Structure formats: structure tokens, C-alpha cells
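Residue-level listing of the chains:
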Amino acid sequence: MSETVNSINNEVKSGAKSENGKWKALDMAYIGICVALMAVCSWISIPTTVPFTLQTFAVFATVAILGMKRGTVAVIVYIILGAIGVPVFAGFSGGFGTLFGTTGGYIIGFVFTALITGGIMKAFGKKVWVMAMAMVLGLVACYAFGTVWFIYVYTSTKSAVGIMTALSWCVVPFIIPDLCKIALAILLEKRVGRFVK
């Protein structure tokens, strides 16, 4: 009996994939929790001169805690839920209209953020400076993809807009808040990451 209990405990603690490569229930639970975290953080708006949400914080925290593979899956599930109409995006919005709108590229860019951030941490570990560098590079990739997307959609639907104007609207006001969110995500990973296998 004790051997059976120990075996179950080891399975739960591992939280890894089974030998045949199938996802375990614990993996799916972690992913579900992080998808919910991203949705809730998207709904939280900080009322500053240019309001911002905690959406990017949730993405960084998800990848830092779950790793590249599970973290990227969580981000993709989050995006798919929003695309099909579940109101998981900022302002309780959802649907293809939001995803393919002017700022939708920043949401899709979270996939690149997850892959780059998670890949760097997988290769070099989870020292604070590594996580900070990985998240900054992931953020830059998201900014780059989202800004190109914004310029294309805005130009197609409204009027021509230059890259500097687009950056001043969509990136510059969010740099400091996003750096603060990176610091918060690193702190959260250091607090709870060791409990997630």
C-alpha cells in the first residue's frame, strides 16, 4: 500500500510527460490555470496616463514557470479562445475582429515571446539575469511583430502611418510598465516556480 502511495506521489510531483509522450492531467491543469491567469490579467486595467493591462505579465510568468513547451501551448490556447469569441482579451473583448484588428499583432506576438523567452531559459537556465534577458528579447519580438501588424492594418483600413508614429502610439508608453511586469514575473517565478514540475 505504501509503495502505491509513494508511486502516486512521485507521479504528481513529476508533472512531466508519460513515457509514450502523452500530456498528463497535471500538465493540462497547469496550462488551464495559466490561461485563466492571462485572461484575468487582461481584464485588469491600470489607470495611468496611457492605461495598460497585466496581460504581458501573465505571459512572462506563464513561460517562466511552465517552461517553453507548456508555456507556449498555454499562450496558443489563450489566443484560440479569444479568436473564437471568448472574452479573454483586454476590455472583456474577443473574436476575430479583435485579433485581426490594429493591435491584434501584439496578441499574436505573444507566441514569439513565449518561444524566445522559453527557449533562452531552456538553453541557459533560470538565473535572474538570464530570465531578464530572455523576457526583454521576447518582448522586443512581440513589439516588432505587433508594430508591423499595426502599420499594415492601420494603413489598409484608415490612412498611412509611419513607423515612428506607430511606435509612439503602441510601444513607447508601455516600455516602462512592461519592464516592471518582467521584474514582477521573475519575482513570481522565484517564489512559486520550484513547486511546479
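Further up the page is the structure itself.
I will try to describe carefully the structure that is included in this document. (Residues numbered from 1 in each chain as written. Predicted model: local features only at pLDDT ≥ 70, side-chain atom pairs only at ≥ 80, totals over all residues. Heavy atoms only, no water.)

### Quick notes on the packing of aromatic side chains
To keep it simple, the criterion reads: When the centres of two rings from Phe, Tyr and Trp lie within 6.5 Å, Trp using its six-membered ring, the rings pair. Their planes under 30 degrees apart give stacked, over 60 give edge-to-face, and anything left gives tilted. Secondary structure is summarised from DSSP: a helix means a run of H or I of at least four residues, a strand means a run of E of at least two, and numbering begins at the N terminus for each. Burial classes: relative accessible area under 20% of the type maximum marks a residue as buried, over 50% as exposed, and values in between as partly exposed (1.4 Å probe, protein chains only).
Within this structure, the stated rule accounts for nine aromatic pairs. Between Trp43 and Phe92, the ring centres sit 4.9 Å apart and the planes meet at 20 degrees, which makes this aromatic pair stacked. Of the two residues, Trp43 is situated in helix 2 (residues 25–43) and Phe92 in the loop between helix 3 (55–83) and helix 4 (96–99); the sequence distance between them amounts to 49 residues. Judged by its relative accessible area of 33%, Trp43 falls in the partly exposed class. Classification of Phe92 by relative accessible area gives exposed; the value is 53%. With a centroid separation of 5.7 Å and 5 degrees between ring planes, the pair formed by Phe96 and Phe100 is classed as stacked. Residue class for Phe100 comes out partly exposed when judged on its relative accessible area of 45%. Each residue in the set Phe96, Phe100, Phe112, Phe145 and Trp149 is aromatic and connected to the rest through ring pairs, giving one cluster.

### With respect to the pattern of salt bridges
Put simply, the rule is: We count a salt bridge whenever a side-chain nitrogen from Lys or Arg sits within 4 Å of a carboxyl oxygen from Asp or Glu.
On inspection of all chains with the given rule, the structure shows three salt bridges. In this structure, Arg70 engages Asp27 in a salt bridge whose closest nitrogen and oxygen atoms are separated by 2.8 Å. Of this pair, Arg70 sits in helix 3 while Asp27 is found in helix 2, placing the two residues 43 residues apart along the sequence. For the pair formed by Arg70 and Asp27, the shared burial category is buried. The closest approach of N and O atoms between Asp178 and Lys181, which form a salt bridge, is 2.8 Å.

### With respect to the layout of surface pockets
What counts, and what does not: Put simply, the grid is 1 Å and covers the protein atoms alone, a cavity is a trapped set of points that fit a 1.4 Å probe, a pocket is an open set with protein on both sides within 12 Å along at least five of seven lines, and lining residues have an atom within 4 Å of a point. Grid points are joined across faces, edges and corners, and a volume is the space filled by probe spheres set on the points.
Of the volumes computed, that of the largest pocket is approximately 580 Å³. Taken together, 25 residues form the lining of the largest pocket, with Thr53, Gln55, Thr103, Tyr106 and Phe174 sitting closest to its centre. Where the lining of the largest pocket is concerned, the elements lending two or more residues are helix 2, strand 2 (52–53), helix 3, helix 5 (104–124), helix 6 (128–157), helix 7 (163–170) and helix 8 (175–192).

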